[in-house]
Amino acid sequence: MTDTTPARPRPAVGSAPAASPRAPGVVRRATGGGLTTAAVIGADVAGLLAAGVLSEFYDRVVLLDRDAARGRRGRADPPELLGPARPLRGVVPRLLDDLLPGTTAELVRRGVRAGDLGRVVVHGAGRHRLAPCDTGLRTLSGGTATLEAVLRDRVGDLPGVEIRVPAYVLDLLFDEAGGPTAGAAAAGPGGVVGVRVTSEGGRGDENVPTDLVVDASGRSSRTAISLARHAHEVPQEESAGPDRRSTTRRFRLPREHDPGWAAVVQAPGPAPGPASPGPAVCRWLRAVPSAGAVAAHLRDDEWLVTLSGPGAAPPGDLAGFRAFALALGRPELDALLAVMEALGDAVTPRATWTRRRRYERLAQAPDGVVVVGDALVSLDPTDGWDAAIAVAHAHSLRDRLRDRLRDGVTAPPRPLGADFFGRAAASADGPWRRATGRAPGRSWAGVAAGVLADAQLEAIAAAATRDPSLARAVLVVDEFAAPVSTLFSGAVVAAAVRDGPARLGPCATPDQPCGGRTRRGPGQGLPRPDAERRGVDGFPWRAEQAMIA
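Residues numbered from 1 in each chain as written. Predicted model: local features only at pLDDT ≥ 70, side-chain atom pairs only at ≥ 80, totals over all residues. Heavy atoms only, no water.

**Overview of the sheet that holds strand β22 (residues 369–371)**
And then number 1: Here we have 5 strands laid out as an open sheet, ordered β10-β3-β2-β14-β22, and parallel in their pairing. In this open sheet, the two edge strands, each paired with only one partner strand, are β10 (161–164) and β22. Looking at each pair of strands side by side, their axes are set apart by 15° on average, direction ignored.
And then number 2: Across 4 bridges, strand β2 (residues 37–41) lies against strand β14 (residues 212–215) in parallel orientation. (Pairing = 2+ DSSP bridges. Helix = DSSP H or I, 4+ residues; strand = E, 2+ residues; numbered from the N terminus. Axes fitted to C-alpha atoms, helices over the stretch in contact; angles between N-to-C directions.)

**Quick look at the sheet that holds strand β15 (residues 236–240)**
Note on sheets: strands pair through backbone hydrogen bonds, and any given pair is parallel or antiparallel.
And then number 1: Across the sheet, which stays open at both edges, the 3 strands sit in the order β15-β21-β23 with antiparallel pairing between neighbours. Edge positions in the sheet fall to β15 and β23 (377–378), since each has one partner strand and no second.
And then number 2: Sheet contacts for helix α11 (residues 416–436): β15, β21 (354–358) and β23; angle to β21, the most-contacted strand, approximately 150°. (Contact = heavy atoms within 4.5 Å.)

**Section: the packing of helix α8 (residues 318–327) against helix α9 (residues 331–339)**
When two helices pack together, their arrangement is captured by the angle between the axes and the distance separating the axes.
And then number 1: Orientation of α8 relative to α9, taken along the N-to-C sense of each, is 160°, at an axis distance of 9 Å. One way to sum up the angle between α8 and α9 is to call them roughly antiparallel. Remark: the crossing between α8 and α9 carries left-handed chirality. Along its contact with α8, which presents F321, R322, A325 and L326, the element α9 presents L333, D334 and L337.
And then number 2: Class assignment for the residues of the contact of α8 with α9 results in 5 nonpolar, no polar and 2 charged. (Parallel < 35°, antiparallel > 145°, perpendicular 65-115°, else oblique. Left-handed = near helix turned anticlockwise from the far one by under 90°. Nonpolar A, V, L, I, M, F, W, Y, C, P; charged D, E, K, R; others polar.)

**Brief notes about helix α5 (residues 143–156)**
And then number 1: Spanning 14 residues, α5 covers 20 Å between terminal C-alpha atoms, matching the ideal 20 Å at 1.5 Å per step.
And then number 2: With 11 of its 14 residues buried, α5 lies for the most part within the structure.
And then number 3: When we look at burial in α5, the residues that qualify are G143, A145, T146, L147, E148, V150, L151, R152, D153, V155 and G156. (Expected span 1.5 Å × (residues − 1). Buried < 20%, exposed > 50% of the residue type's maximum accessible area, 1.4 Å probe, protein only.)

**Some details on the packing of aromatic side chains**
And then number 1: All chains considered together, the criterion is met by 3 aromatic pairs.
And then number 2: When the ring of F420 is compared with that of F421, the centres are 5.6 Å apart and the planes differ by 65°; the resulting orientation is edge-to-face. Neither F420 nor F421 differs from the other in exposure class; each is buried.
And then number 3: Here the aromatic cluster, defined as three or more aromatic residues joined through ring pairs, consists of Y359, F420 and F421. (Phe/Tyr/Trp six-rings, centres within 6.5 Å; stacked < 30°, edge-to-face > 60°.)

**Things to note about the nonpolar core**
And then number 1: By size, the foremost hydrophobic cluster in this structure holds 69 residues, and its most contacted members are L49, L54, V195, V214 and L397.
And then number 2: Among the elements that make up this core, the one with the highest residue count is helix α1 (residues 45–54) (8 residues).
And then number 3: When sequence neighbours within four positions are dropped, the list of residues in contact with V195 reads A39, I41, L64, V169, D171, L172, L173, E206, N207, V208 and V213.
And then number 4: Core analysis: the next-biggest nonpolar cluster, separate from the first, contains 28 residues, V121, A263, I460 and V477 among them. (Core = buried A, V, L, I, M, F, W, Y, C linked by side-chain atoms within 4.5 Å.)

**Topic: α8**
And then number 1: Those residues of α8 that sit buried are G320, F321, F324 and A325. Taken end-on, α8 shows its buried residues confined to a sector of 135°, consistent with a single buried face.
And then number 2: Buried residues along α8 sit in contact with β16 (244–252), β18 (291–299), β19 (302–310) and α9.
And then number 3: Backbone geometry just downstream of α8 places G329 in the positive-phi region, at approximately 75°. (Arc of directions from axis to C-beta.)

**A few points about empty space enclosed by the protein**
And then number 1: Throughout the structure, instances matching the rule amount to 3 cavities of 30 Å³ or more.
And then number 2: A volume near 40 Å³ is recorded for the second largest cavity.
And then number 3: Considering the residues around the second largest cavity, the lining is formed by R356, R357, E360, L376, V377, H393, A424, A425 and A428.
And then number 4: Ranked by residue count, the leading element in the lining of the second largest cavity is α11, at 3 residues.
And then number 5: Along the lines of polarity and charge, the residues of the lining of the second largest cavity split into 5 nonpolar, 1 polar and 3 charged. (1 Å grid on protein atoms, 1.4 Å probe; cavity = no way out; pocket = protein on both sides within 12 Å on 5 of 7 lines; lining within 4 Å. Points joined across faces, edges and corners; volume = space filled by probe spheres on them.)

**Some remarks on the pattern of salt bridges**
For side chains bearing opposite charge, pairing can occur when the charged atoms are close.
And then number 1: In this structure the tally under the stated criterion is 27 salt bridges.
And then number 2: Linking E302 and R250 is a salt bridge whose minimum nitrogen-to-oxygen distance equals 3.2 Å. Pair noted here: E302 is in strand β19 and R250 is in strand β16, with a separation of 52 residues, a long-range link.
And then number 3: The buried category is assigned to E302, whose relative accessible area is 16%.
And then number 4: With its nearest N and O atoms 3.4 Å apart, the salt bridge here joins R330 to E332. (Salt bridge = Lys/Arg side-chain N within 4 Å of Asp/Glu carboxyl O.)

**A few points about the confidence of the model for the protein chain**
And then number 1: Of all residues in the protein chain, 68% have pLDDT values of 70 or greater, and the mean over the chain is 74.
And then number 2: This stretch, residues 270–288, has a pLDDT under 50; its non-local contacts, to residues over four places away or in other chains, come to 32 contacts.
And then number 3: When the criterion is pLDDT under 50, residues 438–442 qualifies, and its contacts beyond four places in sequence or with other chains add up to 9 contacts. (pLDDT = per-residue confidence, 0-100.)

Below, the structure written as structure tokens:
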């Protein structure tokens, strides 16, 4: 794309490759010059953020996206096809603005709702609801569709950024000469110096020389395969089988029933129905997955509702969808669904594995390539950690590039991945442990620690239905904005003991009141649009946000 804005001066950070490749898959690296070109594989949230960061350091950034449904200004797909409903929370909105100033303001301009996590989101888990509180953590509704559209517009307008759609990356290009890199004891396999790209239909193959390749291609990343093909060490993989499936539907909520919330969340608890497991400790030890729901505002009068459960996916037909949600026992969700009008069909994505590629454990990181987002660590999409991890990786990439400029690194540089992968791994450690903590194979020490933390969280959440200070403690820990030790501080434990558990019983059946309270009818219990928003009840999300390490 063409831009009339004067090019910003960018200092050199390394060496540039030769303009012409010698053979498919092999390119000879030039010996001098400054960094001029970077390529990003994949144009999801992680890829767009990485491209925005790279535009600060490179004269040309080529964003390669194979998804023909995405054009220069984003996808035309219905938003429910982009994944489960999840608003942006915790540290993510602030860090988004740090990367691309004005992003959250643009989201709000497009109809996204914003507010404090403890005020505009109704949180529920099991039989508890947290009291409304001020957390200092901002929340934005809108989901992946709106965020992707805003990022694509903002990144696509940056000087030097070129978006190619559709573009299929066939392989990475490697330096034929090889040779040592700074800090390496001996010559090894050559680094990555470009990508081989083909257009739709397999016509027009092209070698694109680069100084850096960022792989943001998601779960289907082929970087490890390319590394193995060219005699590089391959990263270890850790994975856990899919334990939950989800179903998402889009709805319209009449304005007269709109409470002004950003989301209603029922965090995973016992699965609905007569087969529900026993106490929380037993559920944890048996590694039993559980059911949950998120209803998130998109824009104007549109909402996305995602239901998730163990084993088979929740039903997609409207009657079954509503019955499943009713069995979860979250009155606010019941009231919304009772007055919502369904738009389009239900979407049930295939089951996905939780997977992590351990590039940080390589003896020598490959030169000329880094991996970000789902290509590095991919978690259950129903947990909504993808945006948080993408933001964390973009910050780590920018920090590492800034460090090189500050330290005056000269060619040939130490592989960027040697500095990047450790930082990127640390930013995902919390969500990864939370996501896989109940997977089989944990040590008994890990089981004991998890049971203790879960029991303490359960006890505090019960008391926090009336105590805003306890509610805040649970929320900030759940969002990784404070360490878990916060839950065991003297003040928190004393407050939990003082207030005692809330007297809210579970919903035995869809026809039975929750904890002795009568279920609300259609539209009942929802404050009017002009009502005071600070009176909304809430409870914490289970394990959501990654925080910059």
